[in-house]
Amino acid sequence: MVSFINNKLSFQSFKKLVKTNLTVPRQEIGMTEDDVVDINTGMNLKPFFLVLVAAILGTVFYVRPVFQRFVYRITFASPLTVLFFIPAIALFLLGRSKEIGWMKPLALTVFIIGTVFSMVAYFPTQFALLETVQAGNLTDLPETGNSRIVPREVAYQYAYNTLQEPRYTLSDIDDITVLNGSAYWSFGLVPDTFIERYFGNQKGAVYFDMSNTSTTPIRTDGEMRYGMGMQIRDNVFWKVAKKKFFAGYQDPFMVYHEGENYIAYPYVRHRWSFRYVVPVAVPEFRGVILVDEEGNMEDLSKAEALENEVLKDQNFYPYDLARRRVDSINMENGVFNYLFRKKEVFEIDSPGGYNRQPYSVLTEEGMKYFVTVEPYGNAGGVYRIFVIDGRTGNISQYRTEKTLYGAERARDLVKSHNELSRISWNSFKTSEPIPVVKDGDLYWQIKIIARDNSDVSRVVYVNSKTKNVAPFNAKKSEKFFEIDSVENVSMGTVPGKDLNSTQDNSGPGKRIIVMNEGRIVANYSLENHDVEIR
């Protein structure tokens with residue numbers, strides 16, 4: 001009894017206990033009202049809440065790579081969210097909890113201003129992007145180095161069908177990598193089972209030559225300490241995002257250098273500025289994070305990436321940023337012109353399919369991005385051609401002086417061609433109208449592929465000036481770059497050759513005659529889709 005009374009009790013509980021069970025007043029046992037506390041108000045919960053908040057913040061900080069893209073988009077990449085929408089929500093909640101009447105109208109006002117700015121922010125952002133563009137004029141387009149024959153979807157199917165590694169598959173992320181001067185589609189070789197994703201490693205990469213359908217994929221083995229397809233802490237993006245949290249990361253790509261695999265992550269940062277009192281975020285290419293097989297990460301600035309031996313000849317400038325900067329050139333003559341007069345306003349071609357512009361083209365000057373644009377409105381010709389350096393992002397433009405047919409018209413010409421019109425277009429489709437430059441002329445290189453992406457049936461070159469159509473099978477397509485000129489000749493006689501002579505076993509029909517300085521060097525039959533070199 002004594003030990004029980006010596007403990008501090010609630011005064012109200014004590015009174016109730018005295019009334020019901022005890023008859024001894026508290027004064028007689030030496031207890032005063034100061035010796036008891038109210039348990040409803042005496043327990044201090046602040047340390048508990050502080051520990052709870054610290055635990056939550058620590059957990060969020062630890063798993064911050066999970067939220068990296070979202071956080072970056074609503075902070076660095078969105079000044080309107082930071083300056084208007086988040087404060088509006090905070091004011092509304094504060095006014096509601098504290099019952100401060102003027103805060104709710106203020107929150108609504110801030111929200112409305114932010115909404116209005118967001119509706120017109122496109123134009124100030126385009127003007128800010130335009131300031132980063134100094135497009136020089138080209139008198140000639142860079143000559144195409146080698147042929148880009150295999151579309152991405154076909155390369156993936158080829159590589160997938162040749163995989164012989166249990167528990168592994170190709171990564172969903174792909175890009176273009178230069179190996180020994182040739183362009184390849186690159187895919188990571190990533191874990192494909194639940195256990196491997198958590199306890200296994202990425203086992204290198206698979207590369208497929210873009211210029212040849214008859215080659216087998218190249219596999220470069222090497223266990224990546226941090227890689228694609230790996231889960232939680234071993235995922236390469238988890239590590240990259242922890243190293244540099246506030247960055248806008250682009251899709252990674254594989255690089256093979258001196259027997260070792262690398263993963264390259266280009267990234268941008270957004271610079272805030274005000275255009276016509278509207279806060280905007282202008283994306284700028286800032287560098288590349290390079291990850292080797294051991295998991296070592298190197299944060300390269302733009303200048304350092306250009307000098308890095310691993311990234312030599314690789315194109316790492318972000319595709320989306322290149323496209324946006326080209327599109328901003330439409331603002332050169334002001335908003336009124338862009339909306340109403342449409343003088344020198346263009347549209348970026350959108351031919352559909354897996355890829356969209358810009359297209360990577362390996363030229364004699366290195367890897368370039370090509371963006372072809374049409375005049376605004378109901379027009380399908382080539383208006384300008386923008387050539388972007390795949391490493392620096394420098395933009396040059398080629399203004400067409402003569403009528404050039406665009407990609408959509410080239411596709412129509414392919415489908416209406418005498419021999420190609422016989423193709424069952426329910427089973428085949430056209431893919432990737434890639435701009436190709438030969439002897440100063442612009443051609444559209446169009447692939448005819450199976451709808452299940454299993455193979456390339458034809459590679460067709462359409463002269464954008466003359467509309468001539470030159471179809472090749474995939475194996476013979478490289479001959480296009482070896483001949484001096486291509487002439488599409490109807491059935492009949494041409495100088496130096498009688499198409500109906502007995503020397504030609506294929507008989508009369510539609511043909512392509514290849515001539516060099518008046519001498520026939522190749523005789524191409526559209527019937528058997530082969531090239532006879534003489």
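Everything in this summary refers to the structure shown in the same document. Fair warning: this is a prediction, and the values are worked out from it, not measured in the lab.

A short note on helix H6 (residues 79-98)
Right, on to step 1. Along its 20 residues, H6 runs 28 Å from first to last C-alpha, staying within 8% of the 28 Å computed at 1.5 Å per residue.
Right, on to step 2. The sharpest bend along H6 comes to roughly 25 degrees, located at Phe85, with the proline Pro87 sitting one to four residues further on.
Right, on to step 3. The complete set of buried residues in H6 reads Pro79, Leu80, Thr81, Phe84, Phe85, Ala88, Leu91 and Gly95.
Right, on to step 4. Against the buried residues of H6 lie helix H5 (64-74), helix H7 (103-120), strand E8 (260-275) and strand E9 (278-291).
Right, on to step 5. Directly after H6, the chain includes Glu99, whose backbone phi takes a positive value near 55 degrees.

Quick notes on the environment of His417
Right, on to step 1. Turning to its location among the elements, His417 is positioned in the loop between helix H15 (407-416) and strand E16 (428-438).
Right, on to step 2. Between the C-alpha atoms of His417 and Asn468, which are 51 residues apart in sequence, the distance is 9.8 Å.

Re the packing of H6 against H7
Right, on to step 1. H7 packs onto H6 with a crossing angle of 160 degrees between their chain directions and a minimal axis gap of 8 Å. By the criterion of interaxial angle, the relationship of H6 to H7 is roughly antiparallel. The way H6 lies across H7 gives a crossing that is left-handed. Judged by residue contacts, Leu80, Phe84, Phe85, Ala88, Leu91, Phe92, Leu94, Gly95 and Arg96 of H6 engage Met103, Lys104, Leu106, Ala107, Val110, Phe111, Ile113, Gly114, Thr115, Phe117 and Ser118 from H7.

Section: the pairing of strand E12 (residues 359-363)
Right, on to step 1. Most of E12 sits inside the fold, with five of its five residues counted as buried.
Right, on to step 2. What you see with E12 is no split at all: Tyr359, Val361 and Thr363 on one side and Ser360 and Leu362 on the other are buried throughout.
Right, on to step 3. With five bridges connecting them, E12 and strand E13 (residues 366-375) associate as antiparallel partners. Within E13, the residue paired with Tyr359 across the bridge is Phe370.
Right, on to step 4. Following E12, the chain reverses through two residues before pairing antiparallel with E13.

A closer look at the pattern of salt bridges
Right, on to step 1. All told, the structure shown has 17 salt bridges when counted by the stated rule.
Right, on to step 2. When the shortest N-O distance is used, the salt bridge between Arg148 and Glu432 registers 3.3 Å. Within this pair, whereas Arg148 is found in the loop between strand E1 (136-137) and helix H9 (152-161), its partner Glu432 is found in strand E16, the two being separated by 284 residues in sequence. With respect to burial, Arg148 and Glu432 carry one shared label: buried.
Right, on to step 3. Here Glu344 and Arg384 are joined by a salt bridge, their closest N and O atoms 3.6 Å apart. Of this pair, Glu344 sits in the loop between helix H14 (334-341) and strand E11 (346-348) while Arg384 sits in strand E14 (residues 384-389), and the two are 40 residues apart along the sequence.
Right, on to step 4. The class for Arg384 is buried, based on a relative accessible area of 1%.
Right, on to step 5. In the salt-bridge network here, residues are joined through shared partners; they are Glu165, Lys203, Arg219 and Asp221.

Overview of unusual backbone geometry
Right, on to step 1. With an omega of 5 degrees, the peptide bond between Gln357 and Pro358 qualifies as cis.
Right, on to step 2. If you check the backbone angles, Tyr276 has positive phi at about 55 degrees while not being a glycine.
Right, on to step 3. Residue placement: Tyr276 occurs in the loop between E8 and E9.
Right, on to step 4. Judged by its relative accessible area of 61%, Tyr276 falls in the exposed class.
Right, on to step 5. Although it is not a glycine, Glu432 sits at a positive phi angle of roughly 45 degrees.

Brief notes about the packing of H5 against helix H11 (residues 236-243)
Right, on to step 1. Remark: H5 packs on H11, axes separated minimally by 9 Å, with the N-to-C direction vectors making an angle of 70 degrees. The orientation of H5 relative to H11 falls into the category roughly perpendicular. Remark: the crossing between H5 and H11 carries left-handed chirality. On the side of H5, the interface is formed by Arg64, Pro65, Val66, Gln68 and Arg69, while H11 contributes Phe237, Trp238, Ala241 and Lys242.

Remarks on the packing of aromatic side chains
Right, on to step 1. Per the counting criterion, the structure on display carries 24 aromatic pairs.
Right, on to step 2. Among the aromatic residues, those joined into a cluster by ring pairs are Tyr72, Phe76, Phe245 and Phe246.

So, the nonpolar core
Right, on to step 1. Counting 46 residues, the largest nonpolar core has Leu311, Val326, Phe386 and Ile388 as the members making the most contacts within it.
Right, on to step 2. Excluding anything up to four places from it in sequence, Leu311 contacts Phe253, Val255, Ala264, Val288, Leu290, Leu300, Ala305, Phe316 and Arg391.
Right, on to step 3. Grouped together as the second largest cluster of nonpolar side chains are 30 residues, Ile149, Tyr168, Val178 and Trp185 included.

With respect to the sheet that holds strand E18 (residues 456-463)
Where strands meet in a sheet, backbone hydrogen bonds hold them as pairs that are either parallel or antiparallel.
Right, on to step 1. Strand order in the open sheet formed by four strands is E16-E17-E18-E19, with antiparallel pairing between adjacent strands. The open sheet is flanked by E16 and strand E19 (469-472), the only strands paired with a single partner. Ignoring strand direction, the axes of neighbouring strands in this sheet form an average angle of 20 degrees.
Right, on to step 2. Bridge analysis of E16 against strand E17 (residues 441-450) gives nine bridges, and the strand direction is antiparallel. Bridged to Ile434 within E17 is Gln445.

Comments concerning a nonpolar patch on the surface
Right, on to step 1. Taken together, the side chains of Leu45, Phe48, Phe49, Leu52, Ile56, Val60, Val66 and Phe67 present a nonpolar region at the surface, about 760 Å² in accessible area.
Right, on to step 2. Of all the secondary-structure elements, those providing two or more residues to the nonpolar patch are helix H4 (46-62) and H5.
Right, on to step 3. Its place among the elements puts Val60 in helix H4.
Right, on to step 4. Val60 gets classed as partly exposed once you look at its relative accessible area, which sits at 41%.

Cut-offs used in this document
- Residues numbered from 1 in each chain as written.
- Predicted model: local features only at pLDDT ≥ 70, side-chain atom pairs only at ≥ 80, totals over all residues.
- Heavy atoms only, no water.
- Helix = DSSP H or I, 4+ residues; strand = E, 2+ residues; numbered from the N terminus.
- Expected span 1.5 Å × (residues − 1).
- Bend = angle between axes of the 7 residues up to and from the residue.
- Buried < 20%, exposed > 50% of the residue type's maximum accessible area, 1.4 Å probe, protein only.
- Contact = heavy atoms within 4.5 Å.
- Axes fitted to C-alpha atoms, helices over the stretch in contact; angles between N-to-C directions.
- Parallel < 35°, antiparallel > 145°, perpendicular 65-115°, else oblique.
- Left-handed = near helix turned anticlockwise from the far one by under 90°.
- Pairing = 2+ DSSP bridges.
- Salt bridge = Lys/Arg side-chain N within 4 Å of Asp/Glu carboxyl O.
- Phe/Tyr/Trp six-rings, centres within 6.5 Å; stacked < 30°, edge-to-face > 60°.
- Core = buried A, V, L, I, M, F, W, Y, C linked by side-chain atoms within 4.5 Å.
- Patch = residues over 30% accessible without salt bridge, like charges linked within 9 Å, V, L, I, M, F, W, Y side chains within 5 Å.
- Areas by Shrake-Rupley, 256 points an atom, 1.4 Å probe, with all protein chains shown as cover.

Geometric values such as these leave the question of function open.
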